Structure formats: structure tokens, C-alpha cells
Amino acid sequence: MTLKRRDFLYLVTATVGAITAGACQASGNNVSQASPVAESPKIAQTPGPFTLPPLPYEYNALEPHIDARTMQFHHDKHHAAYVKNLNDAVSKYPQLKNITAENMLRDLSKVPEDIRTTVRNNGGGHLNHSMFWAIMTPNGGGEPTGAIATAIKQTFGSVDDFKAKFNDAGAKRFGSGWVWLVRNKAGKLEITTTANQDTPLIDGNYPIMGNDVWEHAYYLKYQNLRADYLKAWWNVVNWAEINKRYEQASA
């Protein structure tokens, strides 16, 4: 698909507006170049200072479903900005240096009030994207197997019904946000959505898998056709990693 000049300018403007001053410079200084790795990617839950995890594949590895240009902007600019902003916020409070982003987001009432919103937005953005890169893979897709496959069929009737409900929820999420499959507080699978960079952890739910429906995740390739992006995304889903997350949540 040929990107029109006005569409590219729109995305660049949106990118600049979405990240705070200095974030792009920070990402340029600190981003690790994407490179293939042999081991399974891990969720970034180590205590601060928080770091940007490298992509576990090349920028173009998910084409034609997700293009290289989008991956580069998404990882090197947007995710890097969340990491920088999170580090800037927690640096004001030495007592937070050994607390994971996950634990801060599970109980935001314990985060100092003056940085609470920053931690919610940027800590959520960091955790969400760290998961997002890990649950995608080149030559992915297909059908789930193992415990997650059984749980999906028991909850939603079939994998196809689950995908249809998941895509419908993602398409209907107004504005920016995420669509999720979570293990809720009752221990059941549930499809839900969150606004902005909110993580399901805030509500006591564990994110098994999620798809980013911010425009920066798909606009360069799909423009306003979010539904097309949601449909194509299943071709890069890493079911093995999602099954691991489900088993960890169940344990």
C-alpha cells in the first residue's frame, strides 16, 4: 500500500503529540537495535531503572501483516517514551527503585500522588508493550493448542467465536486503548478493553493476551481500517507464548 503524504504527516504529528518533550531523544540514545533471539521473550518486570526490551525479531519480520515502518515507530519511539517517562517519575522517590511496574500498577494507591497518573500511563504503556512484542512472532497464527485452547473453547464455544468477539470488542473500543483476553478475579477467561495505556492489572485482572488499538499501531498500513488490522493480526499471534502466560496465571 502506498502511503499518501498527508497520511504520513498525520502519523508523524500524532507521534509527536503522543510523547513528551525529550522522549524521542532518549529513545535514540537508549534503544537497543532489534535482532533475532533464540530464547523465548520475557515480560519486562524487573525493578527500575526500567529498560526498553529489544524486539525479539527484525522490524520487517511480521510483514505483510504489520509493516516494518510501523514496528520501528511503535517500538523505538512510543515504547521508548513510556520507559523514559516512567524512569523520570520514579527517580524522584528512591523507595520505588526496587518495586516492579507490575506491583505499582496493582496498587496505585501506594504510589505518591504527584506521580500516580504518570506511573499509570507510562508504567501501563511499558508493561502492555513488553507483552505485545512477546505474543507476536514471524510465521505465527494458526490454532492455539494446550491449556489455552481448551479454556477458550470451554468459555467461548470455539476459537473462531472467540476471535470474532475479540475483534468486535477491539473495533468498538472508542478512541485509543487495548482489547484483552484476561483471567479475571473469579479465575475465568473474559474479553475486555481498556482506555489509553491502562493495564488490566489495575482492576485485578491478569492479561493473557492483548492487541493494541491505538492508531500508531496500525495507521501507516491500514489508515482508518482498524477492523482490517484486527483481522490480520491473528496471522502473527504467538500461541505458544500466550499459552505460557495462561499457565502462569492459572498457577
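What counts and how
Residues numbered from 1 in each chain as written. Predicted model: local features only at pLDDT ≥ 70, side-chain atom pairs only at ≥ 80, totals over all residues. Heavy atoms only, no water. UniProt positions renumbered as here; feature names shortened; annotations may be inferred. Helix = DSSP H or I, 4+ residues; strand = E, 2+ residues; numbered from the N terminus. Buried < 20%, exposed > 50% of the residue type's maximum accessible area, 1.4 Å probe, protein only. Areas by Shrake-Rupley, 256 points an atom, 1.4 Å probe, with all protein chains shown as cover. Pairing = 2+ DSSP bridges. Expected span 1.5 Å × (residues − 1). Arc of directions from axis to C-beta. Contact = heavy atoms within 4.5 Å. pLDDT = per-residue confidence, 0-100. Core = buried A, V, L, I, M, F, W, Y, C linked by side-chain atoms within 4.5 Å. Salt bridge = Lys/Arg side-chain N within 4 Å of Asp/Glu carboxyl O.

The chain is annotated in an unreviewed UniProt entry as Superoxide dismutase from Microcoleus asticus IPMA8. The record in UniProt for the chain states the following under Subunit (unreviewed entry): "Homodimer." Quoted verbatim from the Function (unreviewed entry) field of the UniProt record, the comment on the chain reads "Destroys radicals which are normally produced within the cells and which are toxic to biological systems."

Caption draft 1: The arrangement of the overall build of the chain in detail. For the chain, the helix and strand inventory stands at 10 helices and 3 strands. Taken across its 251 residues, the chain has 50% of its residues classed as buried. Per element, the accessible surface of the chain, about 11900 Å² overall, is 49% carbon and sulfur.

Caption draft 2: Structural view of the pairing of strand β2 (residues 189-195). Strand direction decides the pairing type here: strand β1 (residues 177-183) and β2, joined by 7 bridges, are antiparallel. The residue of β2 that forms the bridge with W180 is T192. Where β1 folds back on β2, the antiparallel hairpin that results is connected by 5 residues, among which G187 adopts a positive phi of roughly 85°.

Caption draft 3: Broad picture of helix α7 (residues 159-172). In this model α7 runs 20 Å from its N-terminal to its C-terminal C-alpha over 14 residues, within 8% of the 20 Å that 1.5 Å per residue would give. Of the residues making up α7, those classed as buried are V159, F162, K163, F166, N167 and G170. All buried residues of α7 lie within an arc of 125° about the axis, which places them on one face of the element. Along α7, the residues that are exposed and aim more than 90 degrees away from the buried face are D160 and K172. If you follow the buried residues of α7, they end up packed against α6 (146-156), β1, β2, β3 (206-212), α9 (226-233) and α10 (239-250).

Caption draft 4: Here's a closer look at the confidence of the model for the chain. In the predicted model, the chain carries a mean pLDDT of 86, and the fraction of residues at 70 or more is 81%. Within the model, pLDDT remains below 50 along residues 1-46, and this stretch shows 69 contacts once partners closer than five positions in the same chain are excluded.

Caption draft 5: A look at the nonpolar core. Core analysis: the biggest nonpolar cluster contains 62 residues, and L181 and W233 have the highest contact counts within it. Sort the elements by how many residues they give to this core and helix α3 (residues 68-90) lands first, with 8 residues. Leaving out residues up to four positions away in the same chain, L181 has contacts with I148, I152, F156, F162, F166, L189, E190, I191, Y206, P207, I208 and M209.

Caption draft 6: Geometry of the pattern of salt bridges. Enumeration according to the criterion identifies 5 salt bridges in this entry. R120 is paired through a salt bridge with D198; the nearest N and O atoms lie 2.9 Å apart. Note that R120 is positioned in helix α5 (residues 113-134) and D198 in the loop between β2 and β3, a separation of 78 residues in sequence. We classify R120 as partly exposed; its relative accessible area is 33%. Since its relative accessible area comes to 14%, D198 is described here as buried. Between K172 and D168 there is a salt bridge, with its nearest N and O atoms 3.2 Å apart. A residue pair is termed a helical-turn pair when its members lie 3 or 4 positions apart in one helix, as K172 and D168 do in helix α7 at 4 residues. In this structure K172 comes out as exposed when scored by relative accessible area, which is 61%.

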